[in-house]
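Residue-level listing of the chains:
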Amino acid sequence: GRKWTEVADLNEELKDQVVLIRGRAQTIRAVGKKMAFLVVREKGFTVQCVLTVTPDVVSGQMVKYAAALSKESIIDVEGVISVPKDPIKGASQQVEVQVRKLYCVSKAIPILPINIEDAARSDAEIEKAEQAGEKLVRVNQDTRLNNRFLDLRTPANQAIFRIQCQVGMLFRQFLLSEGCIEIHTPKLIPGSSEGGSAVFKLEYKGQPACLAQSPQLHKQMAICADFGRVFEIGPVFRAEDSFTHRHLCEFVGLDVEMEIKEHYSEVMDVVDRLFVSMFDSINQNCKKELDAIGRQYPFEPLKYLPKTLRLTFEEGIQILKEAGVEVDPLGDLNTETERKLGQLVFEKYGTEFYILHRYPLAVRPFYTMPCYDNPAYSNSFDVFIRGEEIISGAQRVHAPELLAQRAESCGIDVRTISTYIDSFRCGAPIHGGFGVGLERVVMLYCALNNVRKTSLFPRDPQRLAP
Ligand code: 4AD
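Residues numbered from 1 in each chain as written. Predicted model: local features only at pLDDT ≥ 70, side-chain atom pairs only at ≥ 80, totals over all residues. Heavy atoms only, no water.

Peer 1: Whenever I open this one, the overall build of the protein chain confuses me. Can you help?
Peer 2: Secondary structure assignment for the protein chain yields 14 helices and 16 strands. Viewed in the frame of its principal axes, the protein chain has a C-alpha envelope of about 90 × 55 × 40 Å. Within the protein chain, the proportion of its 466 residues that are buried is 52%. In the protein chain, of all internal contacts separated by at least 6 residues, the share reaching a separation of at least 24 is 68%. Counting every atom, the protein chain has about 22500 Å² of accessible surface; 53% of that belongs to carbon and sulfur. Here the protein chain contributes 57 positively and 61 negatively charged side chains, and the mean placements of these two sets differ by 8 Å. (Helix = DSSP H or I, 4+ residues; strand = E, 2+ residues; numbered from the N terminus. Buried < 20%, exposed > 50% of the residue type's maximum accessible area, 1.4 Å probe, protein only. Contact = heavy atoms within 4.5 Å. Areas by Shrake-Rupley, 256 points an atom, 1.4 Å probe, with all protein chains shown as cover. Lys, Arg positive; Asp, Glu negative; His and termini not counted. Charge placed at Lys NZ, Arg CZ, Asp CG, Glu CD.)

Written out as structure tokens, the structure reads:
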């Protein structure tokens, strides 16, 4: 086979060498009849390709053919790398390809629902161009999502999903190194796993059933089955009613469950080491991706401490109080107070990543362990990035009687989870764990404003397609 080079790898070291690339014709510009410029894009990286009529190499016919290509067509280009004196605008690679051969592999229709260049512009670029009198199309979110396969071709989107892949990979790598085993729990279950109304109901061979809102019940049963420490990466379903920037109806859950030897802080220790090492690794290894995202959606790198800050819920309430924000000391925080607290914590401790623990029991799910010293509180925690929740976790109730009682008082039909409760009757380990929303981690790490940006094909209360 012939040797192919990726556009991302084209650089000055290849000067005067012949390369063969495959990509999409992002822009096509003819200059008279003797020259044409193509910007070729592959996986979000772009290079300028130049056709100049040259006897025996490039004919006038070939320039005409290139100029008539439709945008987004897939083309093969063979040419010689040259290094222009001036920086190249409108392409990521700072070299040019002097084209010798050109072949169209797959033609795109002439008018596309989204112009990728328009879709890739930052707000600042759009404003600047508009001030200069240029006519630009602002691509709104619905148009993007309706044509997601095109929208995903922008450099920022290519980078977002590479980072998402890294988060999943680092999660798996870290937990395997901590002696966890990866499990796969069923998504079709008889009753709601988290309680509440946000559950998709369905019929399972004549029996009522639902889509799992989390692997909660089964990851705990895996602990009762002596696996010690388990994790799962898989889809979870929430029949959300609210249409917000951070709620999806299907998302990817990163879940952990583990035996606890002495204290629920052991679970928070895992969160701390897992996420600090994950952030370090992304910062070191995903510079290109972070830059690509920042070019379209400028953001400040996340500020976090080598050892993650832990505050109790009561300390959080106190910080809010000192800033004049009164909240119910035994109630939950709403999105607004969570954000406010995030700001205050940042001002006081210099971190945008922290753990808030010992939540009031009343605002936690039925399986949460009450505090031994004060049952109005619980051995539970949430974790925040830039003032928004990415994780919730806790020690679990492992005494079957208390568990049944807690489920009932939370309005759960105990019959639908009887096999779960029974699994605690044969000697249940002390245990706890946590659940992470993958899309939220990537959204907040990159300070993006909408969870739909970090979901490949988002499902929300108004969207089931594409
Ligand atoms: O807070 P949640 O509902 O907790 C659980 O599912 C527990 N079983 C976890 C545990 O092990 N105790 O969900 C966990 C995380 C949230 O912190 C959030 O990041 C994300 O999942 N999440 C959502 N992400 C997108 N859309 C939604 N509708 C989400 N609901 C929760």
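Structure shown, so let's carry the discussion forward.
Peer 1: When you look at helix α6 (residues 155-177) in this model, what are you seeing that I'm missing?
Peer 2: Think of an α-helix as turning once every 3.6 residues; residues three or four places apart then point the same way. Helix length check: α6, at 23 residues, gives a terminal C-alpha distance of 33 Å against a target of 33 Å (1.5 Å per residue), a fit within 8%. Positive backbone phi, at 80 degrees, marks Gly-179, one or two positions downstream of α6. (Expected span 1.5 Å × (residues − 1).)

Peer 1: Sorry if this is basic, but what is going on with helix α1 (residues 60-67) here?
Peer 2: Among all positions of α1, only Met-62, Val-63 and Ala-66 are buried. The buried residues of α1 occupy one face: seen down the axis, they fall within an arc of 100 degrees. α1 presents Gln-61 and Lys-64 as exposed residues on the side facing more than 90 degrees away from its buried surface. Those residues of α1 hidden inside the fold are in contact with β1 (18-31), β2 (35-42), β3 (45-52) and β5 (96-106). (Arc of directions from axis to C-beta.)

Peer 1: For this particular structure, what's the right way to read the UniProt feature "domain: Aminoacyl-transfer RNA synthetases class-II family profile" (unreviewed entry) in the protein chain?
Peer 2: In this numbering, the UniProt entry assigns the feature "domain: Aminoacyl-transfer RNA synthetases class-II family profile" (unreviewed entry) to residues 161-458. Each end of residues 161-458 is marked by a C-alpha atom, and these two atoms are 13 Å apart; helix forms 35% of the span and strand 21%. (UniProt positions renumbered as here; feature names shortened; annotations may be inferred.)

Peer 1: It is not clear to me how the site of the ligand should be interpreted in this structure. Could you clarify?
Peer 2: Contacts to the ligand come from 22 residues, most closely from Glu-194, Gln-216, Lys-219, Glu-389 and Ile-390. Within the contact set of the ligand, a nitrogen atom lies 2.6 Å away from a side-chain nitrogen or oxygen of Glu-194. Within the side chain of Lys-219, one N or O atom sits 2.7 Å away from an oxygen atom of the ligand. Contact with the protein chains hides 92% of the accessible area of the ligand, taken as 620 Å² for the molecule alone. Listing elements by their share of the shell around the ligand, those giving two or more residues are α7 (216-224), β11 (250-259), β15 (388-395) and β16 (431-437). With five residues, β15 is the largest single contributor of residues to the shell around the ligand. Looking at the shell around the ligand, its residues break down into six nonpolar, seven polar and nine charged. (Near = heavy atom within 4 Å. Polar contact = N/O pair within 3.5 Å; in protein donor to acceptor, adjacent residues only side chain to side chain. Nonpolar A, V, L, I, M, F, W, Y, C, P; charged D, E, K, R; others polar.)

Peer 1: Explain the pattern of salt bridges to me, please; I cannot follow it from the model alone.
Peer 2: In a structure, side chains of opposite charge can pair up when their charged atoms sit close to one another. Under the defined criterion, the tally for this structure stands at 29 salt bridges. Here Asp-118 ties to Arg-121 by a salt bridge, and the two come within 2.8 Å at their closest N and O atoms. What makes Asp-118 buried here is its relative accessible area of 12%. Close ionic contact of Asp-255 with Lys-219 constitutes a salt bridge, the shortest N to O distance being 2.5 Å. (Salt bridge = Lys/Arg side-chain N within 4 Å of Asp/Glu carboxyl O.)

Peer 1: Can you help me understand the nonpolar core in this one?
Peer 2: Nonpolar side chains tend toward joint burial in soluble globular proteins. Counting 56 residues, the largest nonpolar core has Phe-275 and Phe-434 as the members making the most contacts within it. Beyond its immediate chain neighbours, meaning those up to four positions away, Phe-275 contacts Phe-353, Ile-390, Ile-391, Val-436 and Val-441. Counting residues in each nonpolar core, the second largest holds 25 residues, with Val-19, Ala-36, Val-95 and Cys-104 among its members. (Core = buried A, V, L, I, M, F, W, Y, C linked by side-chain atoms within 4.5 Å.)

Peer 1: Please explain the confidence of the model for the protein chain as it appears in this structure.
Peer 2: Atom-level detail of predicted coordinates should not be read off regions where pLDDT is low. The predicted model of the protein chain has a mean per-residue pLDDT of 97, with 100% of residues at 70 or higher. The secondary structure element of the protein chain with the lowest average pLDDT is helix α3 (residues 123-131), at 93, and the one with the highest is strand β13 (residues 353-357), at 99. Interface confidence for the predicted complex, expressed as ipTM, amounts to 0.99; the pTM equals 0.97. (pLDDT = per-residue confidence, 0-100.)

Peer 1: Honestly, the packing of aromatic side chains in this entry has me stumped. Any pointers?
Peer 2: Here the distance between the centres and the angle between the planes together describe a pair of aromatic rings. In this structure the tally under the stated criterion is eleven aromatic pairs. Relative to Tyr-367, the ring of Phe-366 has its centre 5.3 Å away and its plane inclined at 75 degrees; by these criteria the two rings are edge-to-face. Taken together, the ring pairs connect Phe-275, Phe-279, Tyr-304, Phe-353 and Tyr-445 into an aromatic cluster. The ring centre of Phe-243 lies 4.6 Å from the NZ or CZ of Arg-452, which sits over that ring. (Phe/Tyr/Trp six-rings, centres within 6.5 Å; stacked < 30°, edge-to-face > 60°. Lys NZ or Arg CZ within 6 Å of the ring centre and 35° of its normal.)

Peer 1: Looking at this model, I keep getting lost on the pairing of β13. Mind explaining?
Peer 2: Every regular strand shows the same layout, with side chains that alternate between the two sheet faces. Among the five residues in β13, five count as buried, and that is most of the element. Alternating residues of β13 divide into Phe-353, Ile-355 and His-357 and Tyr-354 and Leu-356, and every residue in both groups is buried. Of the strand pairs in this sheet, strand β12 (residues 309-312) and β13 are connected by four bridges, and their pairing is parallel. Looking at the pairing, Arg-310 lines up with Ile-355 of β13. The pairing of β13 with strand β14 (residues 380-385) spans five bridges and is classified as antiparallel. Paired with His-357 across the strands is Phe-381, a residue of β14. (Pairing = 2+ DSSP bridges.)

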